[in-house]
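Topology and contacts: notes
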Amino acid sequence: QVQLVESGGGLVQAGGSLRLSCAASGLTFSSYTMGWFRQAPGKEREFVAYISWSYGYTYYADSVKGRFTISRDNAKNTVYLQQNSLKPEDTAVYYCAAAPRRTTTGTTGYNYWGQGTQVTVSS
């Protein structure tokens, strides 16, 4: 049974930082591209970043480029999202997701999803 469990969310002031983690189990982690998505109230889920299964290639949404950094530790089956210079518009539930041997920014490309972790940025 595949499980993705996010942690690290919370309440932070604008300009602050958070580090989200997503621990995966039940899958061959190194064979999956890992992505982060977010969903704000009343809005659709949107792509944030991914890190590929091979070579660790990273790709970011324009809205977070230069502020967020995605990384992975295959030995720990964990993917991270370092969030710096947070803005109120970053407030959302953040989800990690796994896509087998493909790189994509679309939600339909990801087979497995975590339950989400709330990030709230106050102004």
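Heads up: these notes are all about the structure in this document. (Residues numbered from 1 in each chain as written. Predicted model: local features only at pLDDT ≥ 70, side-chain atom pairs only at ≥ 80, totals over all residues. Heavy atoms only, no water.)

We now examine the side chain of Thr78. On the secondary structure map, Thr78 appears in strand β8 (residues 78–83). A polar side-chain atom of Thr78 sits 2.8 Å from the main-chain carbonyl oxygen of Lys76. Excluding its chain neighbours within four sequence positions, the residues that come into contact with Thr78 are Ser21, Cys22, Ala23, Phe29, Ser71, Arg72 and Asp73. (Helix = DSSP H or I, 4+ residues; strand = E, 2+ residues; numbered from the N terminus. Polar contact = N/O pair within 3.5 Å; in protein donor to acceptor, adjacent residues only side chain to side chain. Contact = heavy atoms within 4.5 Å.)

Looking now at the side chain of Thr117. Along the chain, Thr117 turns up in strand β11 (residues 117–122). Relative accessible area serves as the criterion here: at 10%, Thr117 is assigned to the buried category. A polar contact of 3.2 Å, which involves the side chain of Thr117, links it to the backbone nitrogen of Gly9. Sequence-distant contacts of Thr117, that is, excluding residues within four places in its chain, are made with Glu6, Ser7, Gly8, Gly9, Leu20, Ala92, Val93 and Tyr94. (Buried < 20%, exposed > 50% of the residue type's maximum accessible area, 1.4 Å probe, protein only.)

The next point concerns the state of the cysteines. Applying the stated criterion across every chain yields a total of one disulfide. Note on cysteine connectivity: Cys22 is disulfide-linked to Cys96, with sulfurs 1.9 Å apart. Placement of the pair is Cys22 in strand β3 (residues 18–25) and Cys96 in strand β9 (residues 92–100), with a sequence separation of 74 residues. Here Cys22 falls in the buried class, since its relative accessible area comes to 0%. Residue classification places Cys96 among the buried residues on the basis of a relative accessible area of 0%. (Disulfide = S-S within 2.5 Å.)

Moving on, we come to the sheet that holds β3. Strand order across the open sheet formed by four strands is β1-β3-β8-β7, with antiparallel pairing between neighbours. Of all strands in the sheet, those with a lone pairing partner are β1 (3–7) and β7 (68–73), marking the two edges. Neighbour-to-neighbour, the strand axes of this sheet turn through a mean angle of 15°, independent of strand direction. Relative to β8, β7 is paired through six bridges, and the arrangement is antiparallel. Considered in β8, the bridge of Thr69 is made with Gln82. (Pairing = 2+ DSSP bridges. Axes fitted to C-alpha atoms, helices over the stretch in contact; angles between N-to-C directions.)

Before going further, it helps to examine unusual backbone geometry. Comment: phi is negative for the bulk of residues other than glycine, and the bulk of peptide bonds are trans. A positive phi angle, near 50°, is found at Ser85, a position not held by glycine. By the secondary structure assignment, Ser85 is in the loop between β8 and β9. Unlike most non-glycine residues, Arg101 shows phi in positive territory, near 50°. Tracing the sequence through the fold places Arg101 in the loop between β9 and β10 (112–113).

Any functional reading would require information that these geometric values do not contain.
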